[in-house]
Amino acid sequence: MRIYKVCKGSLIMTVKYIFRTLGAAVCILMFSTSVQADHRWGAYHWARSAAVEINLKVVNSTTGDWTPVLSDSIAEWNVSEIFELGIDRDDTSKRTRKRCNSVTGQMRVCNAAYGYNGWLGMATINIDAESHIVKGTAKVNDSYSSYWAIEGEMNHVLCQEMGHVFGLGHTSEDGSSQLTCMDYSSDPGSQWPNEHDY
C-alpha cells in the first residue's frame, strides 16, 4: 500500500482550503493533473462494485461546536445512493484531535487549532496501488475561529473536506458558485453537496 501523508518537500496528497479573505491563491497539492469536469480528485476513489454502496464509518474527533455540523454533513452526503455514512465512535481528546491520525477503512473528522497557516480545512487520503482510497482525514482549523461566524462557512468547509476524502476535487476555484460545498464561493447556497457531487 502506498501512503501519502503531509510532509515538507515531498509528494503530498493533500487539499488545502485556503483562507480567502487573506487573498491567498487556491492551492491543491497533488499529482500534476487537471480537475476534470466531473471534479474527481485524480483517479482516487473508494473501492466498490457498481451496484453496492460504500458503507463508510466516520470517527468523530470534533468538539461540541463542530459535532452538529458533522452530523448535518453526514446527513447531506447520505442523500447519495453511493455512500452510507455513520459515526463509528467518538474520540475527542485534544491530543487525538490535534494529531488526527487516519484509521484504515474509515474517515476521521477532526477540529483543533492547527495554527495560522493559511488553511481553514484540509483533507488527506491514503491510497493503495489501484488508486483506491483506504483511509482519510478531514480537518477544520479552529485557529481561524472568527471566520466560522460567516453564515454557512462551517458547513461549507467541513462538507468540502469530506468530499475530498470521497475523492472529489473542486467544482470551481475562481470564487463562482455552483451551489455545492465543492465550489470555492462564499455563497450561502453552497453549504452542501448537490446532485453533481453524487
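Further up the page is the structure itself.
Keep in mind it's a predicted model, so treat the numbers as computed, not measured.

All right, on to the packing of aromatic side chains then. Per the counting criterion, the structure on display carries seven aromatic pairs. Between Tyr147 and Trp148, the aromatic rings sit 6.1 Å apart at their centres with planes inclined by 70°, giving edge-to-face as the arrangement. With respect to burial, Tyr147 and Trp148 carry one shared label: buried. Site record: aromatic cluster; members linked through ring pairs are Trp77, Phe83, Phe166 and Tyr198. Above the ring of Tyr114, the side-chain terminus of Lys139 is found at 5.1 Å from the ring centroid.

Counting buried residues in strand β8 (residues 132-141) gives nine out of ten residues, a clear majority hidden from the surface. Where strand β3 (residues 45-46) meets β8, two bridges bridge the pair, whose relative direction is parallel. Residue pairing across strands places His45 opposite His132, the latter belonging to β8. The pairing of strand β6 (residues 106-112) with β8 spans six bridges and is classified as parallel. Its bridge partner being in β8, Cys110 is matched across the sheet by Lys139. Looking at chain direction, strand β7 (residues 119-127) and β8 are connected through seven bridges and run antiparallel.

Bringing the pattern of salt bridges into the picture now. Inspection of every chain in the model, using the stated rule, returns three salt bridges. Notably, a salt bridge pairs Arg89 with Asp91, separated by 4.0 Å at the nearest N-O pair. A salt bridge links Arg108 to Asp91, with the shortest nitrogen-to-oxygen separation between them at 3.9 Å. A residue pair is termed long-range when its members are at least 10 positions apart, and Arg108 in strand β6 and Asp91 in the loop between β5 (83-90) and α2 (94-99) qualify at 17 residues. With a relative accessible area of 6%, Arg108 lands in the buried category. A relative accessible area of 24% places Asp91 in the partly exposed class.

Considering all chains together, one arrives at two disulfides under this definition. Two residues, Cys100 and Cys110, share a disulfide whose sulfurs are 2.1 Å apart. On the sign convention where negative is left-handed, the bridge of Cys100 and Cys110, at about 90° about the S-S bond, is right-handed. Here the residue Cys100 occupies a position in the loop between α2 and β6, and Cys110 occupies one in strand β6, the gap between them amounting to ten residues. Across the pair, exposure class does not vary: Cys100 and Cys110 are buried alike. Cysteine pairing for the protein chain (bonded cysteines numbered in sequence order): 1-2, 3-4.

The nonpolar side chains of soluble globular proteins are, as a tendency, buried together. Formed by 36 residues in total, the largest nonpolar core has its most connected members in Trp46, Trp77, Leu85, Trp148, Leu158, Met162 and Phe166. Counting residues per element, this core draws most heavily on helix α3 (residues 153-166), which supplies seven residues. The contacts of Phe166, once residues within four sequence positions are left out, are Tyr44, His45, Trp46, Leu56, Trp77, Phe83, Leu85, Met107 and Ile133. Among the nonpolar cores identified, the runner-up in size contains six residues, and Cys110, Ala112, Trp119 and Met122 belong to it.

Two elements in contact, helix α1 (residues 67-77) and α3, have axes whose closest approach is 10 Å; the angle formed by their N-to-C orientations is 55°. One element, α1, and the other, α3, form an angle in the oblique class. Seen from above, α1 lies across α3 with right-handed handedness. Listed contacts from α3 to Val69, Leu70, Ser73, Ile74 and Trp77 of α1 are Met154, Asn155, Leu158, Cys159, Met162, Gly163 and Phe166. Along the lines of polarity and charge, the residues of the contact of α1 with α3 split into nine nonpolar, three polar and no charged.

For β6, the buried fraction is high: seven of the seven residues fall into the buried class. Bridge analysis of strand β4 (residues 54-61) against β6 gives five bridges, and the strand direction is parallel. Following the sheet pairing, Ser61 is matched in β6 by Cys110.

The rules behind these values
- Residues numbered from 1 in each chain as written.
- Predicted model: local features only at pLDDT ≥ 70, side-chain atom pairs only at ≥ 80, totals over all residues.
- Heavy atoms only, no water.
- Phe/Tyr/Trp six-rings, centres within 6.5 Å; stacked < 30°, edge-to-face > 60°.
- Buried < 20%, exposed > 50% of the residue type's maximum accessible area, 1.4 Å probe, protein only.
- Lys NZ or Arg CZ within 6 Å of the ring centre and 35° of its normal.
- Helix = DSSP H or I, 4+ residues; strand = E, 2+ residues; numbered from the N terminus.
- Pairing = 2+ DSSP bridges.
- Salt bridge = Lys/Arg side-chain N within 4 Å of Asp/Glu carboxyl O.
- Disulfide = S-S within 2.5 Å.
- Core = buried A, V, L, I, M, F, W, Y, C linked by side-chain atoms within 4.5 Å.
- Contact = heavy atoms within 4.5 Å.
- Axes fitted to C-alpha atoms, helices over the stretch in contact; angles between N-to-C directions.
- Parallel < 35°, antiparallel > 145°, perpendicular 65-115°, else oblique.
- Left-handed = near helix turned anticlockwise from the far one by under 90°.
- Nonpolar A, V, L, I, M, F, W, Y, C, P; charged D, E, K, R; others polar.

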